[in-house]
Number of protein chains: 2
Amino acid sequence: MATVRNTIPEKTIERLSEYRRTLLLCHKQGITHIFSHILAGIHGITAVQVRRDLMLIGFSSDTKKGYDVKVLIDFINNILDSENTMNIAVIGMGHLGQAITKYFNGKRLKLRITAAFDVDPEKVGHTIDDIPCYHMDDFEEVVSANDISIVIVSSPTKVAARLVLPIINAGIKGVLNFTSAPLNFPQGIVVENYDITTILEKVAYFVKENEENTNN
Amino acid sequence: MATVRNTIPEKTIERLSEYRRTLLLCHKQGITHIFSHILAGIHGITAVQVRRDLMLIGFSSDTKKGYDVKVLIDFINNILDSENTMNIAVIGMGHLGQAITKYFNGKRLKLRITAAFDVDPEKVGHTIDDIPCYHMDDFEEVVSANDISIVIVSSPTKVAARLVLPIINAGIKGVLNFTSAPLNFPQGIVVENYDITTILEKVAYFVKENEENTNN
């Protein structure tokens, strides 16, 4: 990411988000306490890692019954969430944009997809999964009117570079870029380039390595 | 990931995949040489990082004209790619599964999506973007007949846990899991849990941090 970070490492933030989803599911199922090694097992990591992450955020109410699920959820909420809901826009409502929108709709309280952008006349002016879809020409105006601070870029890769200036000009603070084109922004704008090809190539590489190690 | 790794760190593998995509684009545009700081700039990192990554894989043909694009592509190919094409299956052909399939079709030579699985009668038995879609009941048989070694899980989160046993039984070697349910596999199977919510919550967290730092 492009900005200076405080003391909680990126990987810990990712795991806190993952722990919270598991904890919310536990809470929903009526589970009131969970041991660190159980939480660790669900996420395929060690209990030491879980305890280290929670120590980093100052959570230390491990009892004989394990962590209090509800208390830990609230604690993570305080770390991860803003006081107010953050509004998100999706740029590019193809399959990926629609998958993401559908996935989020109604799921998160503190992060909310409130607008979509495209240039396809069959999409612009309509609502898709309850999200109004605007033309990219109206980007700045809509972002300002809807107080949008984060964009998800799920456009075709070949148009991604052209989105950088509008995103800067509209005052967007965070970008999650799913295209294959790495996007660079000035300091102060958080960027996560998140190309599916990269992750798939990584999995394939380690599959290959495992096979070679087995054969040797 | 769940397996013991060799000496090239995961993050370097990710970046090699990203460098290669940029280099392929350069090559296509007729660019024969590229300096480390140019490659670094495109990816929003330092030239030191680029040089360190390439040193790690034993590439050191930096000349006065920069890296030879074609030679570097071949070098990264040798590191990342298997000798033979790896076949991939997508489990769950909703919007996300279709987005991924469309994205990959014809793009990668060494990784190829060759089968899809679903339970929806409107999809099973048809081809979607040239990929045949099978019923999940036939998973083991189709995986074996098509020599599939990697699966992408893009099913609804609530059915993800039920896919673990079929995946193990079919002898799958690598799993890229897009659902919100963390999946655990025995050692020897590479797993990447890659939940979009996590990344979005991470971006939101650092946006919040930036705002708080600016206000203080």
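Residues numbered from 1 in each chain as written. Chains lettered and ligands numbered in written order. Predicted model: local features only at pLDDT ≥ 70, side-chain atom pairs only at ≥ 80, totals over all residues. Heavy atoms only, no water.

A. Focus on the environment of P182 of chain B. Mapped onto the fold, P182 of chain B is located in the loop between β8 (174-177) and β9 (190-193). Relative accessible area serves as the criterion here: at 25%, P182 of chain B is assigned to the partly exposed category. Between the C-alpha atoms of P182 of chain B and D81 of chain B, which are 101 residues apart in sequence, the distance is 27 Å. Excluding its chain neighbours within four sequence positions, the residues that come into contact with P182 of chain B are T22, I42 and H43 of chain A together with N177 and N193 of chain B. (Helix = DSSP H or I, 4+ residues; strand = E, 2+ residues; numbered from the N terminus. Buried < 20%, exposed > 50% of the residue type's maximum accessible area, 1.4 Å probe, protein only. Contact = heavy atoms within 4.5 Å.)

B. Spatial organisation of the sheet that holds strand β6 (residues 131-135) of chain B. With mixed pairing, seven strands are arranged side by side in an open sheet as β5-β6-β4-β3-β7-β8-β9 (chain B). One side of each edge strand has no neighbouring strand; the edge strands of this open sheet are β5 (127-128) and β9 of chain B. Relative to β6 of chain B, β5 of chain B is paired through two bridges, and the arrangement is antiparallel. The residue bridging T127 of chain B from the neighbouring strand is P132 of chain B, located in β6 of chain B. Contacts between helix α9 (residues 196-215) of chain A and the sheet are confined to β3 (86-91), β4 (111-118), β7 (148-153), β8 and β9 of chain B, with β9 of chain B contributing the most and set at about 160 degrees to the helix. Most of the contacts of helix α5 (residues 95-104) of chain B go to β4 of chain B, to which it runs at about 155 degrees, and overall it touches β3, β4, β5, β6 and β7 of chain B. (Pairing = 2+ DSSP bridges. Axes fitted to C-alpha atoms, helices over the stretch in contact; angles between N-to-C directions.)

C. The arrangement of the interface of chain B and chain A in detail. Each partner contributes residues to the interface: chain B has 67 residues there, and chain A has 67 residues. Across the chain B to chain A interface the summed buried area is about 6200 Å²; carbon plus sulfur atoms make up 64%. Linking chain B to chain A there are ten salt bridges. When the shortest N-O distance is used, the salt bridge between R21 of chain A and D195 of chain B registers 2.7 Å. For the pair chain B and chain A, the interface holds 29 residue pairs in polar contact (both at pLDDT 80 or more). Residue composition of the side of chain B that touches chain A, by class: 31 nonpolar, 19 polar and 17 charged. (Buried area = accessible area lost by both parts, 1.4 Å probe. Salt bridge = Lys/Arg side-chain N within 4 Å of Asp/Glu carboxyl O. Polar contact = N/O pair within 3.5 Å; in protein donor to acceptor, adjacent residues only side chain to side chain. Nonpolar A, V, L, I, M, F, W, Y, C, P; charged D, E, K, R; others polar.)

D. Up close: the sheet that holds strand β9 (residues 190-193) of chain A. Reading across the sheet, the seven strands line up as β5-β6-β4-β3-β7-β8-β9 (chain A) and stay open at both edges, with mixed pairing between neighbours. Bordering the open sheet on either side are β5 (127-128) and β9 of chain A, each of which pairs with just one other strand. Helix α9 (residues 196-215) of chain B rests against β3 (86-91), β4 (111-118), β7 (148-153), β8 (174-177) and β9 of chain A of the sheet, and its axis sits at about 160 degrees to β9 of chain A.

E. View of the pattern of salt bridges. Following the criterion strictly, the structure yields 20 salt bridges over all chains and no others. Here K202 of chain A makes a salt bridge to E192 of chain B, at a shortest N to O gap of 3.4 Å. With K202 of chain A in helix α9 and E192 of chain B in strand β9, this residue pair bridges two chains. With a closest N to O distance of 3.1 Å, K70 of chain B and D74 of chain B form a salt bridge. Of this pair, K70 of chain B and D74 of chain B both sit in helix α4 (residues 69-80), four residues apart, which is roughly one turn of that helix. The structure contains a network of salt bridges with shared partners spanning E10, K11, E14 and E192 of chain A together with K202 of chain B.

F. Representation of the pairing of β7 of chain A. Residue and element names in this part refer to chain A. Where burial is concerned, most of β7 is hidden: six out of the six residues are buried. Both β3 and β7 contribute to a ladder of five bridges, which runs parallel. What sits directly across from I91, in β7, is V153. Note that β7 and β8 share four bridges and pair parallel. From the neighbouring strand, V151 faces β8, where its bridge partner is V175.

G. Quick look at the relation of the copies chain B and chain A. Once chain B has been moved 0.0 Å along the axis and rotated by 180 degrees, it coincides with chain A to within an RMSD of 0.0 Å. Within this description, the copies of the chain are treated as partners about a two-fold rotation axis. Take the interface residues of chain B: 100% of them recur as interface residues in chain A, which is what a same-surface contact looks like. (Least-squares fit on C-alpha atoms with pLDDT ≥ 70 in both.)

H. Broad picture of the domain arrangement of chain A. Domain assignment breaks chain A into domain 1 (2-79) and domain 2 (86-198). Spacing between the C-alpha centres of domain 1 of chain A and domain 2 of chain A amounts to 29 Å. (Domains from an automatic or database assignment.)

I. Molecular detail of unusual backbone geometry. Residue and element names in this part refer to chain A. Located in the positive-phi region is D147, a residue other than glycine, with phi close to 55 degrees. For D147, the location among the structural elements is in the loop between α6 (139-146) and β7. The exposed category is assigned to D147, whose relative accessible area is 58%.

J. Summary view of empty space enclosed by the protein. Per the counting criterion, the structure on display carries two cavities of 30 Å³ or more. Put simply, the largest cavity is a space of about 70 Å³. In this structure, the largest cavity is lined by eleven residues; those nearest its centre are L80, D81, S82 and L111 of chain A together with A204 of chain B. In the lining of the largest cavity, the residues fall into four nonpolar, two polar and five charged. (1 Å grid on protein atoms, 1.4 Å probe; cavity = no way out; pocket = protein on both sides within 12 Å on 5 of 7 lines; lining within 4 Å. Points joined across faces, edges and corners; volume = space filled by probe spheres on them.)

K. Local environment of helix α3 (residues 47-56) of chain A. Residues and elements named next belong to chain A. For α3, every residue scored as buried is listed here: A47, Q49, V50, D53 and L54. Mapping the buried residues of α3 onto a view down its axis gives an arc of 160 degrees, with all of them on the same face. Contacts from the buried residues of α3 go to α1 (10-28), α2 (36-42), β2 (67-68) and α4 (69-80). In the segment just after α3, G58 is the residue with positive phi, at about 80 degrees. (Arc of directions from axis to C-beta.)

L. How the structure looks around the confidence of the model for chain A. With 94% of its residues at a pLDDT of at least 70, chain A reaches an overall mean of 90. Low pLDDT, under 50, characterises residues 1-5 of chain A; the stretch is placed with 19 contacts to residues that sit more than four places away or in other chains. (pLDDT = per-residue confidence, 0-100.)

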